[in-house]
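# Secondary and tertiary structure notes
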Amino acid sequence: MHRRFHAVFPDAETKGAHVLKRLSRHLVKLVATGLLGGLLGATLVRFAPGFDVDVRELDPRLSSQSVKELRQQRRADDNLAYFYGRYILNLVHGDLGFSHSLNQPARKLFAQRLPVTLREIGIGLLFGWLLGLGLATSVVVLRTWPMDLLASGVSATLLSIPAAVLALTFVFLRAPAGLAIALIVMPKIFSYSRNLLRRSYSLAHVLTARSKGLSEVRVFLWHVVPTSGPQLLALLGISVSLAFSATIPVEALCDLPGIGQLAWQAALGRDLIVLVNVTVLITLMTIAANTTSDLLGHSLARGG
Amino acid sequence: MNREQLMSETLLSISLSAEYAKKSVLRNITFHIERGEILGLVGQSGCGKSTLALAILRLLHLKGGRAVGIIQLNGLDLMSLSERQMRSIRGKEIGLVLQSPLSSLNPVLRIGTQLVEAWDAHRSGSRQECRNALLESLANVSLPAEEEFLRRYPAQLSVGQAQRVLIAMGVLHRPTLLIADEPTSALDVITQAEVLGLFRNLSKQMGVAILYITHDLLSVSTIADRIAVMHKGEIVECREPQAIFTDPQHAYTRNLIAALPSVPGLLPTRERTYHIPVKSHAAGRS
Amino acid sequence: MARALALAFLLVIGSASLLANLLAPATYAEQFRELPNAPPSSRHWLGTDDLGRDRFSRLLYGTRVSLLLAPVAALSSTILAALIGGVAGYLGGRIETAAMWITDLFLSLPWLFLLVAVRALLPLNVSPQVSVIITFGMLGVLGWAGAARVVCATSRSARDSDFILLARASGVKPARLFARHIVPNLTPALFAQFWISIPVFILAEANLGVLGLGVAEPLPSWGSLLRELENYSAIGSQPWLFVPLLLLVAVVSCFQLVLPKAELPA
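Residues numbered from 1 in each chain as written. Chains lettered and ligands numbered in written order. Predicted model: local features only at pLDDT ≥ 70, side-chain atom pairs only at ≥ 80, totals over all residues.

This part takes up the overall build of chain A. Helix and strand counts for chain A come out as 12 helices and 2 strands. Helices and strands appear in chain A in the N-to-C order α-α-α-α-β-β-α-α-α-α-α-α-α-α. The proportion of buried residues among the 304 residues of chain A is 40%. Of the contacts formed within chain A by residues at least 6 apart in sequence, a portion of 73% connects residues at least 24 apart. (Helix = DSSP H or I, 4+ residues; strand = E, 2+ residues; numbered from the N terminus. Buried ≥ 20, exposed ≤ 12 C-beta atoms within 10 Å, placed from the backbone. Contact = placed C-beta atoms within 7 Å.)

Let us now look at the overall build of chain C. Scanning chain C from terminus to terminus reveals 12 helices and 0 strands. Ordering the α and β elements of chain C from the N terminus gives α-α-α-α-α-α-α-α-α-α-α-α. The contacts of chain C with a sequence gap of at least 6 include a subset with a gap of at least 24, amounting to 70%.

This paragraph deals with the sheet that holds strand β7 (residues 177-181) of chain B. Residues and elements named next belong to chain B. What the 6 strands build is an open sheet, ordered β6-β7-β8-β3-β9-β10; its pairing is mixed. Every other strand in the sheet has two partners, leaving β6 (94-97) and β10 (234-239) as the edge strands with one partner each. Strand-to-strand twist across the sheet, computed as the mean angle between neighbouring axes with direction ignored, equals 20 degrees. The sheet contact formed by β7 and strand β8 (residues 209-214) spans 5 bridges and is parallel. (Pairing = 2+ DSSP bridges. Axes fitted to C-alpha atoms, helices over the stretch in contact; angles between N-to-C directions.)

Another aspect to go through is the interface of chain C and chain A. With 34 residues of chain C at the interface, the matching set in chain A holds 43 residues. At the level of secondary structure, the elements contributing two or more residues to the side of chain C that touches chain A comprise α4 (93-108), α5 (111-121), α9 (174-210) and α12 (243-258) of chain C. By residue number, the principal contributor to the side of chain C that touches chain A is α5 of chain C, which donates 8 residues. Residue composition of the side of chain C that touches chain A, grouped by class: 26 nonpolar, 5 polar and 3 charged. (Nonpolar A, V, L, I, M, F, W, Y, C, P; charged D, E, K, R; others polar.)

Facing the 21 residues of chain B at the interface are 13 residues of chain A. Of all the elements in the fold, those that place two or more residues in the side of chain B that touches chain A are α3 (83-89), α4 (101-104) and α5 (111-122) of chain B. The leading source of residues in the side of chain B that touches chain A is α5 of chain B, at 4 residues. Partitioned by chemical class, the residues of the side of chain B that touches chain A number 10 nonpolar, 7 polar and 4 charged.

To continue, consider the pairing of strand β4 (residues 65-73) of chain B. Residues and elements named next belong to chain B. Summarising the sheet, strand β1 (residues 10-20) and β4 pair through 9 bridges and their orientation is antiparallel. Looking across to β4, one finds that Y20 is bridged to G65. Across 2 bridges, β4 lies against strand β5 (residues 76-77) in antiparallel orientation. From the neighbouring strand, L73 faces β5, where its bridge partner is L76. Between β4 and β5, which pair antiparallel in sequence order, lie 2 residues; one of them, N74, sits at a positive phi of approximately 55 degrees.

The subject of this paragraph is the arrangement of the chains. Here 2 pairs of chains are in contact, and chains A and C lead that list by number of contacts. Nothing in chain B touches chain C, and the closest approach of their C-alpha atoms is 18 Å.

What follows covers the confidence of the model for chain C. Residue and element names in this part refer to chain C. Across chain C, the average pLDDT comes to 85, with 97% of residues at or above 70. Note on residues 262-266: pLDDT under 50 across the span, and 12 contacts to partners over four residues away in sequence or across chains. Reported for the predicted complex are a pTM of 0.81 and an ipTM of 0.85. (pLDDT = per-residue confidence, 0-100.)

Glancing now at the nonpolar core. In terms of nonpolar packing, the biggest core is built from 219 residues, with A263 of chain A, Y212 of chain B together with V116 of chain C touching the most fellow members. With residues near it in sequence (within four places) discarded, A263 of chain A still touches I248, L275, V278 and T279 of chain A together with F113 and V116 of chain C. (Core = buried A, V, L, I, M, F, W, Y, C linked by C-beta atoms within 7 Å.)

With that settled, the discussion passes to the sheet that holds β1 of chain B. Residue and element names in this part refer to chain B. Here 4 strands make up an open sheet; going across it, the order is β2-β1-β4-β5 and the pairing antiparallel. The sheet is open, and its two edges are formed by β2 (23-34) and β5, each paired on a single side. Here β1 pairs with β2 via 9 bridges, running antiparallel. Opposite L12, over in β2, you have I33 as the bridge partner. Here helix α2 (residues 49-56) sits on the sheet and contacts β1, β2 and β4; the angle it forms with β2, its principal contact strand, is near 65 degrees.

Let's shift gears to the packing of helix α6 (residues 145-160) of chain A against helix α8 (residues 177-201) of chain A. Two numbers describe a pair of packed helices, the interaxial angle and the distance between the axes. Residues and elements named next belong to chain A. Interaxial distance between α6 and α8 falls to 9 Å at its minimum, and their mutual angle equals 130 degrees. Taken together, α6 and α8 sit at an angle that is classed as oblique. Here α6 runs over α8; the crossing is left-handed. The residues of α8 that touch α6, namely those facing A151, S155, L158 and L159, are L183, M186, P187, F190 and S191. Its residues assigned to classes, the contact of α6 with α8 comprises 7 nonpolar, 2 polar and no charged. (Parallel < 35°, antiparallel > 145°, perpendicular 65-115°, else oblique. Left-handed = near helix turned anticlockwise from the far one by under 90°.)

What follows concerns α2 of chain B. Of all 8 residues making up α2 of chain B, 7 are buried, and the element is well covered by its neighbours. Downstream of α2 of chain B by one or two residues, R58 of chain B has phi in the positive range, about 55 degrees.

Residue and element names in this part refer to chain A. With their axes 10 Å apart at the nearest point, helix α5 (residues 106-142) and helix α10 (residues 216-254) run at an angle of 145 degrees to one another. Remark: the crossing between α5 and α10 carries right-handed chirality. Judged by residue contacts, T117, E120, I121, G124, L125, G128 and V141 of α5 engage E216, F220, S239, V240, A243, F244 and T247 from α10. Taken together, the residues that form the contact of α5 with α10 break down as 7 nonpolar, 5 polar and 2 charged.

Here it is in structure tokens:
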């Protein structure tokens with residue numbers, strides 16, 4: 001049994017170790033990026049104009065003792081090392097700061113709002129890819145120019161509309177916000193995959209496959225898709241970033257309690273630490289998505 | 001049937017015009033191929049040779065071209081067939097071998113998978129039958145007839161080996177016609193000679209006719225029964241190699257032959273009658 | 001043919017906005033208090049908004065801000081991309097790896113998150129002129145990442161090409177090599193990136209404007225003009241509110257038409 005396994009997968013053990021090594025390398029990169037990004041963001045916050053004015057001081061409900069403590073805290077923050085230290089300590093304890101605009105600890109807000117955003121992005125990416133890739137495939141395989149013209153026209157128009165306006169449309173139509181994200185993401189997926197599939201179709205080995213008398217379906221699935229696969233996976237990573245980006249206008253305008261809205265309100269209320277931490281966390285998620293698609297792409301390209 | 005009897009039948013008869021994006025590439029090109037014959041199609045790059053290969057297989061629309069005319073294969077007009085019918089002809093009655101062997105093979109599939117795919121397209125049968133046929137086809141092209149070889153990926157082959165795999169795929173179903181489009185352009189001279197010999201042997205063994213498309217007049221003359229010279233989308237001359245070399249009729253053929261390299265004092269020098277044509281060539285790269 | 005038309009359209013709109021001072025019947029802040037929310041008339045071609053300001057004038061001035069500053073920001077980001085990507089690709093090795101790593105990191109940051117975060121770090125209550133500088137300055141400084149990858153790859157392939165090998169073999173110094181031989185080869189890619197960035201920045205400014213993080217009142221920009229569309233009850237009865245959106249879509253489409261081969265940087 002073991003022998004048979006090795007007959008089918010001769011280099012399974014080394015391959016497995018290889019993948020694990022790669023994975024751990026990416027994980028280290030991820031953590032390092034998160035830390036560096038957080039420190040960089042914190043630095044920017046520290047030197048941002050208006051840092052030394054704490055709006056909490058203006059709150060008449062605070063006693064003079066609390067105000068004194070706030071002032072002392074800020075003077076301590078003047079020491080950069082202390083500031084960084086406190087920031088990292090907070091991070092380790094999972095304290096992401098306090099949102100004044102929403103009057104709750106950021107960590108709680110993040111935990112509450114992440115599922116909302118993830119669901120919306122999930123719907124958005126699912127439909128965006130279905131529509132975008134499906135349309136691209138039909139256009140390339142069917143090769144009828146009216147369809148190509150129509151699809152390209154719709155895609156170009158959607159690309160020219162600001163995400164915020166698309167979000168407004170969906171508020172007006174009272175349609176689910178996830179679909180707004182789908183429409184924002186779809187045109188880029190369509191145009192990129194259409195060009196990619198077209199290029200793959202013109203490759204020499206596809207001609208060889210055709211000359212063998214293979215069916216269109218077989219040519220597409222076995223010869224066009226495998227060569228487009230890695231780049232389509234890279235596009236997947238990019239589309240995740242695009243979807244996250246779109247959540248800010250969509251959630252802000254559709255009034256969805258998600259991460260995008262959190263970032264927007266933190267920006268308007270200048271809850272800078274919260275904003276920085278949220279941005280870093282979202283970036284980490286995007287990087288993780290990109291890394292996953294990269295790894296998948298590599299294993300595909302290696303003929304696994 | 002011996003070779004003479006086989007050769008007396010016309011296998012493929014063509015009268016074709018083709019265009020790409022409104023530009024005419026093939027102008028009423030007319031020729032025929034006898035059963036079991038090796039016809040060398042010689043011409044410079046851009047004269048429409050590859051267009052002809054695609055047009056015969058009715059794959060020209062993939063490159064955005066259009067062909068009109070008649071393609072008679074064994075009395076059957078290919079231009080009148082549906083796509084489905086053409087698919088049963090491709091790979092089975094007509095085989096195709098392309099240049100650049102390493103890009104003509106799918107890089108993510110094993111050689112064995114690609115050969116099995118070619119087999120399954122036109123035959124059903126047991127796995128054992130298929131396996132035997134594949135190993136036999138490898139032996140026919142002088143490749144190691146082993147399971148290990150079938151498990152390799154194209155990137156693990158040399159250029160010469162990859163070309164032989166392509167040829168094996170092309171003749172897997174023993175087609176009546178094999179179209180080879182510049183099959184040796186990517187090879188070094190020695191491997192080229194080996195592959196040329198391979199084509200000759202396959203033709204003798206299986207009786208397959210070969211349309212050998214190339215720009216190299218000399219090398220194809222070593223195996224061709226007849227040579228068709230192509231210039232600006234037309235066949236200007238079509239005779240036996242001997243006749244072409246000793247008594248070229250058309251001006252372009254004469255230029256071709258005169259342009260062949262000759263080493264003074266070592267190989268017999270040909271008479272240099274290189275006429276500079278009156279019409280400028282710059283206008284016409286189709 | 002379509003490209004020529006698109007280019008002509010862009011030129012017309014651009015010139016009209018440049019001449020806003022001459023063409024606009026009113027200034028962008030002038031309030032006609034007695035005529036708030038007026039429908040289009042011969043005096044106010046697109047009517048007035050709820051503060052009585054002439055919409056057509058505001059559209060002209062807004063177009064001047066958005067249409068003319070986006071290319072300036074695009075120029076700045078392209079120059080940055082040229083410097084970072086071009087030099088990294090040319091020098092190769094660790095420098096290139098490090099530069100591309102930073103670029104990838106930048107690209108992983110969702111675009112709007114980056115813009116919103118950086119905008120918030122700067123003071124929010126600023127004068128309109130400063131807000132314009134902040135908005136387009138941000139785009140110019142942050143938008144280089146997408147172009148940098150392409151420029152780096154182009155620079156690298158130029159460096160590895162045969163004619164550079166030839167120049168090196170003739171003893172040309174590296175700096176001169178870069179300036180005289182590499183840079184001219186980057187120009188087509190740079191120009192393409194410049195042209196692609198313009199609609200991206202126009203849309204970014206529009207998004208920021210609708211979110212309230214763009215150009216401050218009373219200075220109009222396409223973003224702030226689009227905020228009027230948030231009034232759902234009104235847009236049914238006031239279809240002329242869509243004119244800024246239609247203009248934006250038309251202009252962005254024209255930019256895309258003129259350079260149709262644009263793809264996503266992968």
